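Next come the chains, spelled out residue by residue.
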Number of protein chains: 2
Amino acid sequence: MKRNASIDTPLFQVLTEIGIIAQLSGALFNKVLPEGLHVSHFAILNHLARIGDGQTPLQIAGAMQVAKGTMTHSLGVLERRGLVVLEPHPDDRRSKRVMLTDAGRAFRIAAVDILAQAMGGFSSEIDEADLGLLVPKLAELRKVLDANR
Amino acid sequence: MKRNASIDTPLFQVLTEIGIIAQLSGALFNKVLPEGLHVSHFAILNHLARIGDGQTPLQIAGAMQVAKGTMTHSLGVLERRGLVVLEPHPDDRRSKRVMLTDAGRAFRIAAVDILAQAMGGFSSEIDEADLGLLVPKLAELRKVLDANR
DNA sequence: ACTATATAGTTCGATATCGAACCAAGGAGG
DNA sequence: CCTCCTTGGTTCGATATCGAACTATATAGT
């Protein structure tokens, strides 16, 4: 059937699989993460620890690919927990700078350990080298999607 | 730094990329889909059209990897729009069977066209064959995650 | 300088999703 | 049969997210 051919394209299949995997891994992460901390919150802490803090909310939203209103919300959660502080941006009074607190760094390290442990449980069932090859392809796909949004 | 090594594993990187891609493609789909129809709703219609209707809500929830409460909600949306009907299951009075209506089939075909068109815009920027190779690996990853949830 | 436009964040309403509690029906053992 | 456990669905409260409207500041064009 000609009609279905248009949707059974590799791109579509990949996106379908990816959607399901994202849902599954998100659920898995949420289960092992400490009470009240969502994957998205952890992702922000992790990003700040890796790339460096002092980024603006908008920069972080761009990196995480979420709407800026969402970022306002998430940063509020993290700030209320004392994991980050928002300070005024020195060069632009509209903007903020997001800084990790010591508690935030400690929290992230603890969460990383928990996640690593949880993933270690079944990472043996997967060919790690295989996964390594996937990363650049996925990154490329992400770039294309990002450019067309 | 030893500490970061535990999280900079291929598996983790892949899941991070996948999370972002899922968010991007979901947003993209939502933008092109008709008013009020969410990707998840389309996914259900598509699943029923491909696998065959008459499935129970729980079966569909399993295939989509969403909570059953979510499925109740989504099917309600689709039913209110007349795209599916829920009929009592002949063998089990607790259960239902989800049937596509003609309108549902038509709607799906239209949506497929719209999506195919939207994706066609940038699918040329990606190596389709490359993507094809990704599918089995992703499927495998999905299985492992699924088994460990 | 002055106005117009763009940008950073916030706020708000709507919706998808989850998880847990719940209800109803099936099935298993005695 | 009757109880106990399981299973399919629904309901409910909480939360993440989006998109759009809004505020304040910055930048550009004239």
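Further up the page is the structure itself.
What this report covers is the structure whose coordinates are included nearby. (Residues numbered from 1 in each chain as written. Chains lettered and ligands numbered in written order. Predicted model: local features only at pLDDT ≥ 70, side-chain atom pairs only at ≥ 80, totals over all residues. Heavy atoms only, no water.)

The partner chain B presents 59 residues to the 59 residues of chain A that form the contact. In total, about 5700 Å² of surface goes out of reach between chain A and chain B, with carbon and sulfur atoms giving 72% of it. It is Leu11, Ile21 and Leu24 of chain A that lose the most area in chain A upon contact with chain B, and together they represent 10% of the buried surface on that side. There are two salt bridges connecting chain A and chain B. Note that Glu17 of chain A is salt-bridged to Arg142 of chain B, the shortest N-O span being 3.2 Å. Along the contact surface separating chain A from chain B lie two residue pairs in polar contact (both at pLDDT 80 or more). (Contact = heavy atoms within 4.5 Å. Buried area = accessible area lost by both parts, 1.4 Å probe. Salt bridge = Lys/Arg side-chain N within 4 Å of Asp/Glu carboxyl O. Polar contact = N/O pair within 3.5 Å; in protein donor to acceptor, adjacent residues only side chain to side chain.)

Turning next to helix H4 (residues 57–64) of chain B. Of all the residues in H4 of chain B, the buried ones are Ile60, Ala61 and Met64 of chain B. Buried residues of H4 of chain B fall within an arc of 100° about the axis and therefore sit on the same side. Against the buried residues of H4 of chain B lie helix H2 (10–32) of chain A together with helix H3 (39–51), helix H5 (68–80) and strand S2 (96–100) of chain B. Gln65 of chain B, located one to two residues past H4 of chain B, shows a positive phi value of around 60°. (Buried < 20%, exposed > 50% of the residue type's maximum accessible area, 1.4 Å probe, protein only. Helix = DSSP H or I, 4+ residues; strand = E, 2+ residues; numbered from the N terminus. Arc of directions from axis to C-beta.)

Laying chain A over chain B is done by rotating through 180° and shifting 0.0 Å along the axis; what remains is an RMSD of 0.1 Å. Such a turn and shift between the copies fits a two-fold axis. A high fraction, 100%, of the interface residues of chain A reappear at the interface in chain B, so the copies pair face to face through one surface. (Least-squares fit on C-alpha atoms with pLDDT ≥ 70 in both.)

With that out of the way, let us pick up the protein's contact with DNA strand D. Thr70 and His73 of chain A together with Pro57, Arg94 and Ser95 of chain B are the nearest of the 22 residues found near DNA strand D. Counting only the atoms of DNA strand D within 4 Å of the protein, the fraction contributed by sugar and phosphate is 71%. Ser40 of chain A places a side-chain nitrogen or oxygen 3.2 Å from a phosphate oxygen of DNA strand D. Between a phosphate oxygen of DNA strand D and a main-chain N or O atom of Ala67 of chain A, the distance comes to 2.8 Å. Of all the elements in the fold, those that place two or more residues in the surface near DNA strand D are helix H3 (39–51) and helix H5 (68–80) of chain A together with H4 and H5 of chain B. Counted by class, the surface near DNA strand D contains four nonpolar, 12 polar and six charged residues. (Near = heavy atom within 4 Å. Nonpolar A, V, L, I, M, F, W, Y, C, P; charged D, E, K, R; others polar.)

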